[in-house]
Protein chains: 2
Amino acid sequence: MVRNKIPASTVRRLSHYLRSLEGFAEEGGTVSSEELAARGQTTAAQVRKDLSHFGSFGKRGLGYQVDELRDRLRQILGVDRPWRVALIGAGRVGLALFEYPAFRSRGYECVAIFDNDPEKVGQQWGDLPIHSVDDFEETIRRLQVELAILAVPAASAQEMARRAVEGGVRGILNFAPIRLNIPPSVTVEDVNLVMELEALSFAITQSERGE
Amino acid sequence: MVRNKIPASTVRRLSHYLRSLEGFAEEGGTVSSEELAARGQTTAAQVRKDLSHFGSFGKRGLGYQVDELRDRLRQILGVDRPWRVALIGAGRVGLALFEYPAFRSRGYECVAIFDNDPEKVGQQWGDLPIHSVDDFEETIRRLQVELAILAVPAASAQEMARRAVEGGVRGILNFAPIRLNIPPSVTVEDVNLVMELEALSFAITQSERGE
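A closer look at the interface of chain B and chain A
Then, number 1: Chain B puts 49 residues into the contact, and the matching count from chain A is 50 residues.
Then, number 2: Looking at the side of chain B that touches chain A element by element, the count peaks at 16 residues for helix α9 (residues 193–210) of chain B.
Then, number 3: Residue composition of the side of chain B that touches chain A, grouped by class: 27 nonpolar, 12 polar and 10 charged.

Okay, here's the thing in structure tokens:
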């Protein structure tokens, strides 16, 4: 498996390169490592190193074919096909995520919404009803959900993650401020906004002390 | 400066350790590297290595004093004092962030909200009016804003980041899906939800190909 060898920072840069390539207007052109580096705020050597994980790209002195590299990056990132996503938690964060336009445009399609609040169950968001969590595992299995966006309070996050795995989910985008304990066959990405702020205050504090 | 030596993954684990320590009910007790490791889903050796960046903690065989280590981690992460935060962008994402209870409880206090939509300017969220961006730099300087949460569309993110830096901001939590180009003296943390999903689909795709 390639998976464990690729650093998270490389994957992030691949996403940036793909965004850059999608921004090139003309089809059929070429792009150099230097151009990709400039747009991704990295170095040409880093671009070449990042891409080298996935085989041979481009020709020395000629750069990369824009459409070829773009399609290959889509394959590598798995965004050359749609993904079926369930939103777990129909609160404020869930709503902001549900309405985030980039998800759908990137092929991440929300196919079900769940909440444990009886007042919310049965309401509709767009075309989708909010389901009860009572028959959660069966519903996500029937709907062939592959990814779960977990936007529930910390107290219920582990339980809902466990049930999502039971229901066949392969990856979880976790907004709850806890570390989920789930099998290694399921991938988790944590989005912890307090930690992001703490990373900022850490960097500022350290730089003040070093000045 | 310590700053450049500490990996982002270490800082995230420090946040986790702090959460764990805050969860210990009794004051005055001790905790071992093993206990901290178990709660943070890492190893005792990693805990010791992470803490060793910041001096000497604990006593061999006796573990760490809970309240001492907790206070020290708060200092290291810079959360032993409040931070003045401006929210830039009063859209759906901005509102979800504004109402995110953990921010305030952690000392990140929103002191101003800005939007460029004339229909929103002058409205109140809680006690705070939504300001126009017309006198943005002056306002954040007057309010001594240190951190900006940037929740604006990609097209205006770079411009607002530049103006935030002009206004004296030291750190930016960026929700716009672009890489900001700002001076290295200002710290940026990117929260890019599409990239988080791409990291998931990447990992799943790679593991499928490796199976």
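Still to come is the rest of the account.
Looking at the relation of the copies chain B and chain A
Then, number 1: With an RMSD of 0.0 Å, the operation that places chain B on chain A is a rotation of 180° combined with a shift of 0.0 Å along the axis. Taken together, the turn and the small shift mark the pair as related by a two-fold rotation axis. Looking at the rotation axis and the C-alpha trace of chain B, the residue lying nearest is A96(B), at 3.3 Å.
Then, number 2: Residue by residue, 100% of the interface of chain B is reproduced at the interface of chain A, so both copies engage with the same surface.

Quick notes on the domain arrangement of chain A
Then, number 1: Looking at chain A, the domain boundaries give domain 1 (3–75) and domain 2 (83–195).
Then, number 2: For domain 1 of chain A and domain 2 of chain A, the distance between their C-alpha centres works out to 31 Å.

Quick word on the sheet that holds strand β3 (residues 83–88) of chain A
Residue and element names in this part refer to chain A.
Then, number 1: Strand order in the open sheet formed by 7 strands is β5-β6-β4-β3-β7-β8-β9, with mixed pairing between adjacent strands. Whereas interior strands pair on both sides, the edge strands pair on one side only; in this sheet they are β5 (124–125) and β9 (187–190).
Then, number 2: By the bridge criterion, 2 bridges tie β5 to strand β6 (residues 128–131) in an arrangement that is antiparallel. In the strand pairing of β6, Q124 is matched with P129.

With respect to the sheet that holds strand β3 (residues 83–88) of chain B
Each strand in a sheet pairs with its neighbour through backbone hydrogen bonds, running either in the same direction (parallel) or in the opposite one (antiparallel).
Residue and element names in this part refer to chain B.
Then, number 1: One open sheet accounts for 7 strands, arranged β5-β6-β4-β3-β7-β8-β9; its pairing is mixed. The outermost strands of the open sheet, each flanked by one partner alone, are β5 (124–125) and β9 (187–190).
Then, number 2: The sheet strands contacting helix α8 (residues 154–166) are β3, β7 (147–150) and β8 (171–174), and the helix crosses β7 at an angle near 170°.

A look at the environment of V186(B)
Then, number 1: Considering the arrangement of structural elements, one finds V186(B) in the loop between β8 and β9.
Then, number 2: Dropping the residues within four chain positions of it, V186(B) is found in contact with V165(B), V169(B), R170(B), G171(B) and I172(B).

So, the packing of helix α1 (residues 8–23) of chain A against helix α4 (residues 66–77) of chain A
All names here are of chain A.
Then, number 1: Packing of α1 against α4 leaves a shortest axis separation of 9 Å and a crossing angle of 140°. When you trace α1 past α4, the crossing you get is left-handed. Contact with α1, carried on its side by L14, S15, Y17, L18, L21 and E22, involves V66, L69, R70, L73, R74, I76 and L77 of α4 and no other residues of that element.
Then, number 2: When its residues are assigned to classes, the contact of α1 with α4 shows 9 nonpolar, 1 polar and 3 charged.

Details of the pairing of β7(B)
Residue and element names in this part refer to chain B.
Then, number 1: Burial of β7 is two-sided: the residues L147 and I149 facing one way and the residues A148 and L150 facing the other way are all buried.
Then, number 2: As paired elements, β3 and β7 share 4 bridges and run parallel to each other. Residue I88 lies in a different strand from β7, and its bridge partner there is L150.
Then, number 3: Bridge count between β7 and β8: 4 bridges; the pairing is parallel.

Observations concerning the nonpolar core
Then, number 1: If you look at the biggest cluster of nonpolar residues, it comprises 120 residues, and the most contacted ones within it are I88(A), A148(A), L150(A), I88(B), A148(B) and L150(B).
Then, number 2: Those residues in contact with A148(B) that sit more than four places away from it in its chain are A86(B), I88(B), A164(B), V169(B) and I172(B).

Here's the deal with the confidence of the model for chain A
Then, number 1: A residue-level look at chain A finds 96% of positions with pLDDT of 70 or above and a mean pLDDT of 89.
Then, number 2: What the predictor reports for the complex is a pTM of 0.83 with an ipTM of 0.89.

Details of the environment of A102(A)
Then, number 1: Tracing the sequence through the fold places A102(A) in helix α6 (residues 101–105).
Then, number 2: By the C-beta count within 10 Å, which is 14 here, A102(A) ends up partly exposed.
Then, number 3: Sequence-distant contacts of A102(A), defined by excluding residues within four places in its chain, comprise P177(B) and V194(B).

Topic: the packing of helix α1 (residues 8–23) of chain B against helix α2 (residues 33–40) of chain B
All names here are of chain B.
Then, number 1: Packing of α1 against α2 leaves a shortest axis separation of 9 Å and a crossing angle of 105°. Judged by the inter-axis angle, α1 sits roughly perpendicular to α2. Side by side, α1 and α2 meet where R13, H16, Y17 and S20 of the first sit next to L36, R39 and G40 of the second.
Then, number 2: When grouped by side-chain class, the residues that make up the contact of α1 with α2 number 2 nonpolar, 3 polar and 2 charged.

Quick word on helix α2 (residues 33–40) of chain A
Residue and element names in this part refer to chain A.
Then, number 1: By the burial criterion, the buried members of α2 are S33, L36, A37 and G40. Down the axis of α2, the buried set is contained in an arc of 100°. They therefore lie on one face.
Then, number 2: Close packing links the buried residues of α2 with α1, β1 (30–31) and α3 (44–52).
Then, number 3: Of the residues one or two after α2, Q41 is the one with positive phi, at around 50°.

So, how was this worked out
- Residues numbered from 1 in each chain as written.
- Chains lettered and ligands numbered in written order.
- Predicted model: local features only at pLDDT ≥ 70, side-chain atom pairs only at ≥ 80, totals over all residues.
- Contact = placed C-beta atoms within 7 Å.
- Helix = DSSP H or I, 4+ residues; strand = E, 2+ residues; numbered from the N terminus.
- Nonpolar A, V, L, I, M, F, W, Y, C, P; charged D, E, K, R; others polar.
- Least-squares fit on C-alpha atoms with pLDDT ≥ 70 in both.
- Domains from an automatic or database assignment.
- Pairing = 2+ DSSP bridges.
- Axes fitted to C-alpha atoms, helices over the stretch in contact; angles between N-to-C directions.
- Left-handed = near helix turned anticlockwise from the far one by under 90°.
- Buried ≥ 20, exposed ≤ 12 C-beta atoms within 10 Å, placed from the backbone.
- Core = buried A, V, L, I, M, F, W, Y, C linked by C-beta atoms within 7 Å.
- pLDDT = per-residue confidence, 0-100.
- Parallel < 35°, antiparallel > 145°, perpendicular 65-115°, else oblique.
- Arc of directions from axis to C-beta.

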